[in-house]
Every structure is written in C-alpha cells, then in structure tokens.
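Spelled out, the chains give:
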Amino acid sequence: MESDILQNLYIFLLATFLGLEVIRHVSPLLHTPLMSLTNAISAIAVVGSIVIAGEQKTTLSAVLGTVAVAASMTNIVGGYMITYRMLVMFKKRGPKKS
Amino acid sequence: MEHLIQFAYMGSAACFILALKWMSAVPTARRGVITGILGMLFAVCGTLLLLGPEARAHGWFDTYRWILVAFVVGAIIGVPMAMMPMTAVPQRTALSHAFGALAAALVGTAEYYLRGASLSHFTMTALGLEVLLGYLTFTASLMAFGKLQEILPTRPITYRGQNFVNLSLFGLAALITVLLIVDPSKAPLFPVMSLLALVFGVLLIIPIGGADMPTVISLLNSYAGLSACAMGFVLNNKLLIIAGALDGSSGLILSVIMCKAMNRSFANVLFGAFGQVQVAAATAEKRPVRSAVPEEAAALLESANAVMIVPGYGMAVAQAQHSVRDLFDALTKQGVNVRFAIHPVAGRMPGHMNVLLAEADIPYDKLLEMDEANSELPQTDIALVIGANDVTNPAARTNKASPIYGMPILDVDKARTVMVIKRSMNPGFAGIDNELYYMDKTLMLFGDAKGFTSQILKHLSSANGGSGMH
C-alpha cells in the first residue's frame with residue numbers, strides 16, 4: 001500500500017507537469033473548445049461511477065453510482081459533441097484581396 | 001483479463017495526452033477530439049470488463065442494467081447540451097462543470113459509506129479532497145450557470161463581513177475534514193462536511209461579477225479535474241489520476257492566463273472588491289463626446305485601408321456576430337483589410353469571442369491575439385469597438401488611480417480614428433469611466449450593436465449595387 005501511494009504521487013506529479021507543458025502551447029483561439037474538451041475528459045469519473053453502479057453493494061451506493069454514471073455520460077456525450085461542433089466552425093478561408 | 005484492462009487504461013491515458021496535444025492548433029484539433037473519444041471508449045470498455053467477475057456471479061442483466069439506464073439518460077441530456085447556440089457556451093460549460101463535479105462527489109460519498117472505518121489516513125485525505133472539491137464545485141458551477149443564464153442577478157453581491165463569513169465557513173469545513181482524516185470512522189461528520197462544501201460553493205460565487213467569469217469558470221474546470229484526480233488516489237486507479245491531473249493543470253493555466261489578462265491575483269478575483277468601485281464612478285461629470293450617424297460611419301469605413309474590429313461581451317448579448325460578419329464581407333470585398341482584435345478576457349469565458357466569430361464564418365486567421373493586434377493598431381485607420389469597454393480603456397496604461405491600472409489592454413486609442421458602438425454613455429461592468437470616449441479622434445455610434453451594424457451596412461456603396469456609383 002505504501003509503495004502504491006508513492007507511485008501514484010509520482011504519476012500525479014508527472015501528469016501535472018505534462019499537462020502544464022502541453023496546455024501552455026494551446027492557441028488562445030482555441031481556449032473555449034479546449035475547456036469543453038477537458039470537461040469531457042474529466043468525465044473520466046465515469047470509471048469509478050460504473051464500478052459502484054455495477055457492484056450495487058448497498059442501495060445507497062447503487063443510487064449514487066447510477067446518478068454519477070448519468071452525470072458523467074452527459075459530459076462525455078455533450079462535451080465531445082460540442083467540441084467537435086465548435087472546431088468545424090473554425091475555417092481558414094482567406095477572402096480574396098482586391 | 002486484468003492485464004487487458006490495464007492496457008486499455010494505459011491506451012486511454014495515452015489518447016487523452018495526445019488529444020490535448022493536438023488541441024493546441026486548429027489544423028490538428030479535430031483529430032484531438034477523435035482521439036479523446038477513443039480514449040474515453042477505452043476507459044469505459046475497460047471498466048465494463050472490470051465488472052466481468054461481478055457479472056458472472058450475479059448475472060449480466062443485474063450488473064449492467066442501471067449502468068445502461070444511466071448511459072441512456074446521460075445521452076438524452078448530453079445531446080441537447082451539445083446543441084446549444086454558441087452565445088450560450090459559457091453557461092453550458094458551467095453546467096457541465098457541475099455535472100462532472102457531482103459525479104466525483106457522489107462516487108466519493110458512496111465510497112465512504114462502503115468502506116468508511118477501514119479507510120487509511122491517506123485514502124481518507126484523498127476522499128475528503130474529492131468530496132470537498134466535488135460538492136463545492138457542484139454548487140459553485142450551478143451558481144455560475146445561474147448568473148450567466150441571468151436567472152440570478154449578474155452584478156456582484158457583496159455585504160459587510162462577507163470574506164469573514166466565507167473564510168470561517170471554509171475553515172470549519174477544513175477542520176471537519178481533518179477530524180475525519182484523523183478518525184475516518186466518525187461517520188456523522190461526513191454529511192456535515194458535505195453540506196458545508198455545498199454551502200461554501202454558493203457563497204463563493206455570490207460576490208463574483210460577469211467580468212470575472214472567465215477566471216472563475218477556468219478555476220472550476222480545474223477543481224472538477226482535481227476532484228476526479230483525488231478519486232484516482234482513493235480507488236488506486238492511475239488512469240483517473242492522469243486524466244484528472246491533465247484537467248487540473250489545464251484549468252489552472254487558463255485561470256492564470258485570465259488573471260494576467262486582468263492584472264489581478266486569484267485571491268483578488270475570489271475575494272476582490274469590484275463591487276465597491278461603482279460608487280466612485282457614479283459621480284463622474286458629464287463631458288462632451290463626438291457622435292456620428294451610420295451614414296458617416298459607413299463613409300469613413302469605406303475609405304479606410306485597414307480596419308480593426310474589437311468585439312466584446314456586448315456583441316454576444318446583442319447577437320450581433322452575424323451582422324458583423326456581413327460588415328466584414330462587404331468591407332473586405334471593397335479591398336479594406338478588416339481584422340479582429342481579441343482580448344483574452346473579452347466575453348464570459350476564455351476564447352468566447354473566437355468561437356462566436358468562427359460560428360459567424362469569419363476565417364480564424366483574421367482573429368488577432370492581443371500582442372499582435374497591439375503592434376498593428378498604430379497602423380490601423382479605424383478601430384471599431386463593438387460591445388467592449390474596460391479592455392480598451394487607456395486609463396489602464398496611464399491613470400495610476402484607476403482600479404484597472406496595469407491591466408493589459410488593446411491599444412485602440414493608437415488607431416487613427418476610433419469608433420465605438422455603444423447603447424449609451426453608461427459606464428461598463430466595472431463602473432469605470434472610459435477616457436477613450438472623450439478623445440478627439442473618437443466617434444461614438446449610439447445604438448444597439450446589431451442594429452447599428454446593419455445600419456452601417458445599408459449605407460455602404462457595395463450593399464447598394466456593388467459599383468459604388470450612385
């Protein structure tokens with residue numbers, strides 16, 4: 001257990017630095033789609049929710065888990081769809097200059 | 001099977017990293033979204049497999065039925081949320097932060113009641129963070145949604161001792177969390193902690209005004225990610241840790257960018273005193289301004305070589321982006337070089353203006369960032385300000401007494417002529433008088449952003465037959 005905690009902390013550290021490095025280079029043009037994409041990704045909470053909703057150890061946990069799966073799924077579907085919709089709008093159609 | 005699941009999670013983590021990397025530029029961004037979807041697919045399928053032993057023991061239907069119901073419900077809510085118009089994107093984003101945070105908080109709550117007393121101090125710390133951040137982000141995001149949707153008053157609401165109340169409430173929540181960490185079996189403390197977090201979320205957003213929304217939404221984005229990350233520590237799941245940390249850092253970077261663009265600190269945004277500024281500005285004396293009618297504005301725009309349009313939240317409110325696009329098309333056809341100057345905090349969320357203008361079919365290479373726009377503005381014939389105010393106020397450069405002194409602005413006043421479309425002379429959100437309006441080179445165009453833009457359009461010669469000879 002002790003070594004698990006340390007490993008997890010290392011992973012957290014590295015993922016945070018990686019995230020900072022990757023996001024720093026995102027063009028301000030794309031800040032809104034970036035946020036809706038990370039919003040969809042943070043619906044990764046679905047992983048924990050599915051386990052709890054599936055195990056149904058108690059009625060309480062089954063209900064909480066099911067609501068959590070629904071909330072995460074809303075963000076997965078909604079988040080990816082709207083991000084894609086936004087990106088389709090970004091066109092580089094340089095109008096002719098006379 | 002265990003290995004297969006771990007590889008699926010690993011693939012998912014790799015996809016998320018690539019998705020964010022490809023999101024950095026427009027040509028690769030769509031590939032980024034597809035990769036993100038793939039990553040989520042890996043994660044969901046891996047987790048469904050994880051329940052395999054459970055399903056063999058209790059039957060497939062019993063195990064998966066509620067999950068399937070929840071998938072369908074999520075999809076039914078998710079699709080309309082993806083179809084909202086682009087002007088509503090800030091409130092949509094706030095709402096989905098609420099959903100994400102709620103999911104994390106509920107999982108944390110369920111975990112506590114399942115494992116309660118057997119939790120180690122470390123796991124309880126992670127669980128406490130997950131639940132605190134989850135619940136406070138949930139209510140805070142709902143409040144932000146209410147303000148952006150204008151269900152709730154958009155002006156900051158302040159009262160005496162507000163910071164004291166907020167901080168002591170937060171202190172109390174933190175204290176109870178610590179007590180729970182010391183002894184995770186103290187079950188009655190758990191609902192108290194959750195309730196305090198829910199209330200704190202509400203109180204946190206009450207004093208926040210519209211102009212601070214970009215920072216606050218980014219901060220809530222970060223919290224939702226960190227809450228999922230804490231869940232990863234509770235469940236000892238590395239995929240959750242990685243994805244949560246990526247979101248946490250993304251939200252953090254965006255909030256830092258927004259804070260810098262307003263020359264304010266986090267603490268100042270959250271506990272700041274923008275509400276107090278209004279009183280001082282209300283006494284500003286009436287000074288003469290020059291105004292113009294659409295016909296004059298049209299004639300000036302036509303004779304210009306380079307025009308810089310500066311959009312702000314007012315453009316979004318008036319839904320003027322499509323009229324602005326028509327104006328852009330008409331002027332571009334006449335050989336005028338029309339571009340857009342986008343301030344990082346223009347609008348109600350990071351990048352709000354870019355999405356609106358992209359929706360109106362304006363090519364994104366015509367949208368300039370602040371630095372680029374500022375190096376172009378001195379060579380610009382006309383700067384046309386539509387619905388932006390504080391981000392153009394030269395007092396930020398010159399007047400040390402101004403509350404926005406030091407804030408990076410678009411140097412609109414350096415253009416040869418400035419035109420400002422504005423409803424009236426009422427000061428903007430921050431209640432600060434804008435010196436730009438009283439300059440000799442400034443023409444005030446009084447009217448609604450959409451209406452006035454259409455009026456200008458009517459008077460352009462290209463709109464009356466294209467030849468310009470009449």
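Given the structure is predicted, the values throughout are model-derived calculations rather than measurements.

Rules used throughout
- Residues numbered from 1 in each chain as written.
- Chains lettered and ligands numbered in written order.
- Predicted model: local features only at pLDDT ≥ 70, side-chain atom pairs only at ≥ 80, totals over all residues.
- Buried ≥ 20, exposed ≤ 12 C-beta atoms within 10 Å, placed from the backbone.
- Helix = DSSP H or I, 4+ residues; strand = E, 2+ residues; numbered from the N terminus.
- Pairing = 2+ DSSP bridges.
- pLDDT = per-residue confidence, 0-100.
- Contact = placed C-beta atoms within 7 Å.
- Core = buried A, V, L, I, M, F, W, Y, C linked by C-beta atoms within 7 Å.
- Domains from an automatic or database assignment.
- Nonpolar A, V, L, I, M, F, W, Y, C, P; charged D, E, K, R; others polar.

*Asks:* An account of the pairing of strand β6 (residues 442-446) of chain B is needed here, citing residue identities and associated values.
*Replies:* Residue and element names in this part refer to chain B. Within β6, four of the five residues are buried, which leaves the element mostly enclosed by the surrounding structure. Bridge count for strand β5 (residues 417-422) against β6 is five bridges, and the pairing is parallel. Residue pairing in the sheet places I421 in a bridge with L445 of β6.

*Asks:* So, the confidence of the model for chain B: which residues are in play, and what are the values?
*Replies:* Residue and element names in this part refer to chain B. Mean pLDDT over chain B: 90, with 94% of residues reaching 70 or higher. With pLDDT under 50 throughout, residues 273-283 is counted as low confidence; its partners more than four residues away or in other chains account for 16 contacts. Every residue in residues 465-470 scores below 50 in pLDDT, and together they form four contacts with partners more than four places removed in sequence or on other chains. Taken together, the chains of this predicted complex give a pTM of 0.90 and an interface ipTM of 0.94.

*Asks:* Requested: an account of helix α3 (residues 46-55) of chain A, with residues and values cited.
*Replies:* Most of α3 of chain A sits inside the fold, with nine of its 10 residues counted as buried. All buried positions along α3 of chain A are accounted for by V46, V47, G48, S49, I50, V51, I52, A53 and G54 of chain A.

*Asks:* Before we move on, can you summarise the sheet that holds strand β2 (residues 337-341) of chain B with the specific residues and values?
*Replies:* All names here are of chain B. Strand order in the open sheet formed by six strands is β3-β2-β1-β4-β5-β6, with parallel pairing between adjacent strands. Only two strands of the sheet have a single neighbouring strand rather than two, namely β3 (367-368) and β6. Where strand β4 (residues 382-386) meets β5, five bridges bridge the pair, whose relative direction is parallel. Looking across to β5, one finds that I382 is bridged to T417.

*Asks:* Break down the nonpolar core for me, citing the residues and quoting the values.
*Replies:* I44 and A45 of chain A together with A144, V310, V385 and I386 of chain B are the most contacted members of the largest nonpolar core, which totals 199 residues. Counting residues per element, this core draws most heavily on helix α6 (residues 121-148) of chain B, which supplies 16 residues. The residue makeup of this core includes at least three contributed by each of domain 1 (2-276) and domain 2 (284-464) of chain B. In contact with I386 of chain B, not counting residues within four places along its chain, are I309, V310, P311, G312, G314, M315, A320, V324, I421 and A449 of chain B.

*Asks:* Talk me through the domain arrangement of chain B; I want residue IDs and the actual numbers.
*Replies:* All names here are of chain B. We note that the domain assignment places domain 1 (2-276) and domain 2 (284-464) within chain B. Spacing between the C-alpha centres of domain 1 and domain 2 amounts to 36 Å. Taken together, the contacts link 21 residues of domain 1 with 19 residues of domain 2. Elements with a minimum of two residues in the side of domain 1 that touches domain 2: α5 (89-115), α9 (213-235) and α10 (238-262). Sorting elements by how many residues they give to the side of domain 1 that touches domain 2 places α10 first, with five residues. Considering only residue class, the side of domain 1 that touches domain 2 consists of 15 nonpolar, six polar and no charged.

*Asks:* Quick one: what's the story with the pairing of strand β1 (residues 306-311) of chain B, residue by residue and with numbers?
*Replies:* Residues and elements named next belong to chain B. Summarising burial for β1: five of the six residues are buried, a large majority. Alignment of β1 against β2, held across four bridges, turns out to be parallel. Across the sheet, residue V307 finds its bridge partner in β2, namely V338. As defined by bridge partners, β1 adjoins β4 across five bridges and the pair is classed as parallel.

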